[in-house]
Amino acid sequence: MEEISQVKKILLRMNDDELLQLLRLACQDRQKNRSSCRLQEHPSPSDVAWYNQIRGSIDRTCERRLAEEKQRLKANPSSNVDRKWIRYAEAFRKLPFHVPDIFRTAMQPKLLYNRLLAFCEDHDIPQEIIPSILPSLISYIRTGRMRPAIICGEKGCGKTTAFRLLIREALNIPVAVIKVPEEDAGHGLTGTCGSYTSADMGAIGRAMLHENSAVVGLLFDEIDKAVHNTSHTSIDDELLSITDESVSTVADKYLESTLTTLPHCPIFMTCNDLQKVSPILVDRCTVIYFPRANVKRLHSVTQKFARVKLEDELYQTVQFDFDLLDQSIDTLASHNVYSLRKHQQLVEKVLQNAFHLAMLQPDGQRVRITKDMFLSAESEILGIEHRRLGFG
């Protein structure tokens, strides 16, 4: 009570101007407190994690058209409505994004680095590529965006498989491999206009639908083999548009909608010859050179491939010889054949020969792999390689 009395005495001594100034200060303090409360209740977009800002996979214009088309179809089932478009748009609108736990926890680069090193060792992936890609992966986990990457390496060196596994392991998101030469002859990456009879969504949209995810790791394979004499927009132009930081929106022509989550899809590309890739595209990307397989990796990968093939019941009567396989791997390597694909073809050719012999034997009789089977497969592979390289 004494404190209140003292306040009253002070107020009574003040003149009108002093009282007004005191009231203004009190009002300003109240407004500041209210503003602070509003900021806590409604944080700014910059304070919200990037994955919590994702709202749907189609733009508002497409959503309005979808509602109108569905209403038309409901009112008149026989009306001229593009049912295929409705199915696509409805499925695209409902695409989920299951946020991996790694995005919600504090990023520790060293832990990720060690985990990827161990993963590479277990899956016969060259560990030397990790330092090249790790900064981009960390940036993506923190911000939802990363600079696109081009992986350049010899044909059959395993770069596509390696990065498909690495992206999935590092980010825990679905990964779609898009074969560029195939899409160049089809509907491209961003679809064809709905006015065409055979119109359809592009490869990016179809990849999202296939993986049932609004955010997908996109791995564009063999970008140096794109065809340039097509009547529609070339793959080169589409890749330039997708990787252009100044272009905030990329639309699917069939959906007639912006692919709103595409900026959050990490983009990787592979090629054999970097000289055949647009220099503008190369300039926008991180270039990673994938090393040729060494002999140790050839042995490990080819042996694992053979063991997986032998699990098929077709080969249950085949008695495989891994010592002969090792000898053939060394022979191919001595002839400068380091393509993992060629060594896997060696196994396939030997097993095909053994399977043919098994079909000629009485039921249950085992067929043993022989040196001649490997020599025949080696000769065929080396003959193909020599013809490709221009030898006689």
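Please read these numbers as outputs of a predicted model, since none were measured by experiment.

Student: Go over the side chain of Glu-183 with me, naming the residues and quoting the values.
Tutor: Tracing the sequence through the fold places Glu-183 in helix H9 (residues 180-184). Owing to a relative accessible area of 14%, Glu-183 belongs among the buried residues under this scheme. A polar side-chain atom of Glu-183 sits 2.9 Å from a polar atom in the side chain of Arg-206. For Glu-183, the contacting residues outside a window of four places in its chain are Ile-178, Gly-188, Ala-203, Arg-206 and Ile-235.

Student: Got a sec to walk through the pairing of strand E6 (residues 267-271)? Specific residues and values, please.
Tutor: Here E6 lies mainly inside the structure; 5 of its 5 residues are buried. Neither face of E6 is open: one carries Ile-267, Met-269 and Cys-271, the other Phe-268 and Thr-270, and all of them are buried. As paired strands, strand E1 (residues 149-152) and E6 are joined by 4 bridges and run parallel to one another. Considered in E6, the bridge of Cys-152 is made with Cys-271. Strand direction decides the pairing type here: strand E3 (residues 217-221) and E6, joined by 3 bridges, are parallel. By the bridge assignment for E6, Leu-219 is matched with Phe-268.

Student: For unusual backbone geometry, give the residues involved together with the corresponding values.
Tutor: For Asn-212, which is not glycine, the phi torsion reads 50° and is therefore positive. Within the secondary structure, Asn-212 is located in the loop between helix H10 (203-211) and E3. With relative accessibility at 44%, the residue Asn-212 sits in the partly exposed group. Notably, Glu-256 is not glycine yet its phi reads approximately 55°, a positive angle. For Glu-256, the position within the fold is in the loop between strand E4 (251-252) and strand E5 (257-258).

Student: Tell me what's going on with the packing of aromatic side chains, and back it up with residues and numbers.
Tutor: Evaluation of the coordinates by the stated rule reveals 10 aromatic pairs. An angle of 55° between the planes, with centres 5.5 Å apart, marks the rings of Trp-50 and Tyr-140 as tilted. Pair noted here: Trp-50 is in the loop between helix H2 (16-41) and helix H3 (60-75) and Tyr-140 is in helix H7 (residues 130-143), with a separation of 90 residues, a long-range link. For the pair Trp-50 and Tyr-140, a shared accessibility class is recorded, and that class is buried.

Student: Break down the confidence of the model for the protein chain for me, citing the residues and quoting the values.
Tutor: Mean pLDDT over the protein chain works out to 84, with 83% of the residues at or above the 70 mark. Scored below 50 in pLDDT, residues 35-45 shows 2 contacts in the model against residues more than four places distant or in partner chains. A low-confidence stretch, residues 387-392 (pLDDT under 50), is modelled with 1 contact involving residues beyond four sequence positions or located in other chains.

Student: Explain the pairing of E3 to me, and be specific about the residues and the numbers.
Tutor: E3 sits mainly inside the fold: 5 of its 5 residues count as buried. Every second residue of E3 is oriented toward a common face, with Gly-217, Leu-219 and Asp-221 on one face and Leu-218 and Phe-220 on the other, all of them buried. The pairing of strand E2 (residues 175-179) with E3 spans 5 bridges and is parallel. Each bridged residue has a counterpart across the sheet, and for Lys-179 the counterpart in E3 is Asp-221.

Student: Pulling in residues and values, what's your account of helix H13 (residues 295-310)?
Tutor: Compared with the 22 Å implied by 1.5 Å per residue over 16 residues, the 22 Å span of H13 between its first and last C-alpha is a close match. Those residues of H13 not exposed but buried are Arg-297, Leu-298, His-299, Val-301, Thr-302, Phe-305 and Ala-306. The elements touched by buried residues of H13 are helix H14 (322-334) and helix H15 (340-360).

Conventions adopted
Residue numbers run consecutively from 1 along every chain, following the written order of its sequence. The model is predicted, so local features are restricted to residues of pLDDT at least 70 and side-chain atom pairs to those at 80 or more, both for listing and for counting; the totals for chains, interfaces and linings are taken over all residues. Side-chain measures here rest on the full set of heavy atoms in the structure, leaving out hydrogens and waters. Starting at the N terminus, helices and strands are each numbered in turn, a helix being any DSSP run of H or I of at least four residues and a strand any DSSP run of E of at least two. With a 1.4 Å probe rolled over the protein chains alone, any residue whose accessible area is under 20% of its type maximum counts as buried; one over 50% counts as exposed, and the rest are partly exposed. Nitrogen and oxygen atoms within 3.5 Å of one another constitute a polar contact, given that in protein one can donate a hydrogen and the other can accept it, and given that sequence-neighbouring residues count only through two side-chain atoms. Whether two residues are in contact is decided by their heavy atoms, any of which lying within 4.5 Å being enough. Strand pairing requires that DSSP identify at least two bridges connecting the strands. Pairing of aromatic rings covers Phe, Tyr and Trp, the last counted by its six-membered ring, and requires centre-to-centre distances within 6.5 Å; plane angles under 30 degrees mean stacked, over 60 mean edge-to-face, and any other angle means tilted. Confidence scores per residue from the predictor, reported as pLDDT, run from 0 to 100. Any helix carries an expected span of 1.5 Å times its number of residues minus one.

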